[in-house]
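Here is how the chains run, residue by residue.
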Amino acid sequence: MDGNTLLEQIGATKLDRPANPIEDKLRVELAAAFRVAHHLGWNKDTLNHITARIPGTETFLMNPVGLGWDEMTASSLVTVDFARNVVSHAGIRLAPAGFNFHSGILKARPDVNCVIHVHERAGTVISSIAEGLLILDQGGCMLHGEVGYHAFEGQAKENDEVPRILRDLGTGHALIMVNHGLLSIGATISEAFGVMRSLVNACELQERTMATGGKVMPLAEELQIHTKNQLSGGNNAPRGDHSWAYWLRLAERLDPGFAE
Ligand SMILES: [Zn+2]
């Protein structure tokens, strides 16, 4: 089924592709991120969002209500401003809770250009245990100093929750939304994607390790810091997903229709 037929099914008009080549490129990259995230099992539903700021504008791209992540195409992503005015497609709907905190983060944090939020199963499991996230392997060390926790307040559609989400994110790139799921941010789609991969991998590893019933051995903090420094080349922060070019090629192989 082509992209315009899918848009018709969710009651929206088709997008006249933007003349702005920067937005055009961003749409393709973001659609690829959705397809790969679906392939990795982060979301098999029509819920949850990945959003990306359109550089130099007061608008960002968001997935509409009703499409699965494996159905996302460059031209089905919605351009919306911070006041929730849709500027790309007539008739399209946006999820209120998703819009609320994605737009709130992008508006308050000019350094953040992409936000990913998922209810991936292992992430939701780890978000629901009192121990929180344990760092158990070298990949997880990239998360040292990056992970905040945000207490559950119900469906996150109340405006006044956004300042607490921002507070709980702090200076980190990852947020465990307690009894809920995972959130990552980045200066680029690649960076937010890389953080989410680290987070999902660490949650899956912890879930499986705990399930063995054996005594869990988290890495000592000094080792986490040392390993993070090694992995990041001394730059003590995430700098994008090192496999991003591979993920873009994978999206192409899975179904080149994402770029339409
Ligand atoms: Zn959620």
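The rules we used
- Residues numbered from 1 in each chain as written.
- Predicted model: local features only at pLDDT ≥ 70, side-chain atom pairs only at ≥ 80, totals over all residues.
- Helix = DSSP H or I, 4+ residues; strand = E, 2+ residues; numbered from the N terminus.
- Rg over C-alpha atoms; globule rule 2.2 N^0.38 Å.
- Buried ≥ 20, exposed ≤ 12 C-beta atoms within 10 Å, placed from the backbone.
- Contact = placed C-beta atoms within 7 Å.
- Pairing = 2+ DSSP bridges.
- Axes fitted to C-alpha atoms, helices over the stretch in contact; angles between N-to-C directions.
- Parallel < 35°, antiparallel > 145°, perpendicular 65-115°, else oblique.
- Left-handed = near helix turned anticlockwise from the far one by under 90°.
- Nonpolar A, V, L, I, M, F, W, Y, C, P; charged D, E, K, R; others polar.

Re the overall build of the protein chain
Step number 1: Counting its regular elements, the protein chain contains eight helices and seven strands.
Step number 2: In terms of overall size, the protein chain behaves like a compact globule, its C-alpha atoms giving a radius of gyration of 18 Å where 260 residues would be expected to give roughly 18 Å.
Step number 3: For the protein chain, the C-alpha atoms occupy an extent of roughly 55 × 40 × 35 Å along the three principal directions.
Step number 4: Buried residues in the protein chain amount to 42% of all 260 residues.

Examining the environment of Met 177
Step number 1: Here Met 177 shows up in strand E6 (residues 174–177).
Step number 2: By C-beta crowding, Met 177 is classed as buried, having 24 other C-beta atoms within 10 Å.
Step number 3: As a C-alpha pair, Met 177 and Ile 116 span 61 residues in sequence and 12 Å in three-dimensional space.
Step number 4: Once residues within four sequence positions are removed from consideration, Met 177 is found in contact with Ser 127, His 150, Leu 182 and Leu 183.

Side note on the environment of Met 217
Step number 1: The residue Met 217 is located in the loop between helix H6 (189–211) and helix H7 (221–231) in this model.
Step number 2: Taking the C-alpha atoms as reference points, Met 217 and Ser 127, separated by 90 residues in sequence, lie 19 Å from one another.

Points about the sheet that holds strand E7 (residues 181–186)
Step number 1: Judged by pairing direction, the sheet is mixed, and its seven strands sit side by side in the order E3-E2-E1-E4-E7-E6-E5 without closing on themselves. For this open sheet the edge positions go to strand E3 (78–81) and strand E5 (147–150), each flanked by a neighbour on one side alone. Each neighbouring strand pair of the sheet contributes to a mean axis angle of 20 degrees, computed without reference to strand direction.
Step number 2: Where E5 and E6 come together, four bridges link them in parallel fashion. Looking at E6, one finds that Tyr 149 is bridged to Ile 176.
Step number 3: Here helix H2 (residues 21–39) sits on the sheet in contact with strand E1 (49–53) and strand E2 (59–62), set at roughly 160 degrees to E1.
Step number 4: Its contacts with the sheet place H6 against E1, strand E4 (114–118), E6 and E7, and it is angled at close to 145 degrees to E7.

Quick look at the packing of helix H3 (residues 96–108) against helix H5 (residues 162–169)
Step number 1: At a minimum axis distance of 9 Å, the contact between H3 and H5 shows a crossing angle of 60 degrees. As far as their axial angle goes, H5 and H3 are oblique. As H3 runs across H5, the sense of the crossing is right-handed. Contact residues: H3 offers Asn 100, Phe 101, Gly 104, Ile 105 and Ala 108, while H5 offers Val 162, Ile 165 and Leu 166.
Step number 2: Considering only residue class, the contact of H3 with H5 consists of six nonpolar, two polar and no charged.

Let's talk about the environment of His 119
Step number 1: Note that His 119 resides in the loop between E4 and helix H4 (121–127).
Step number 2: Look at His 119 and you get partly exposed, because 17 C-beta atoms sit within 10 Å.
Step number 3: Spatially, the C-alpha atoms of His 119 and Asn 179 are 9.8 Å apart, while their sequence positions differ by 60 residues.
Step number 4: Beyond its immediate sequence surroundings of up to four residues, His 119 is in contact with Asn 48, Thr 124 and Gly 181.

Some words on unusual backbone geometry
Step number 1: You will see that Asn 48, though not glycine, has its phi angle at about 70 degrees, which is positive.
Step number 2: Note on placement: Asn 48 falls in the loop between H2 and E1.
Step number 3: One non-glycine residue with positive phi stands out, namely Asn 179, at about 55 degrees.
Step number 4: Relative to the assigned elements, Asn 179 resides in the loop between E6 and E7.

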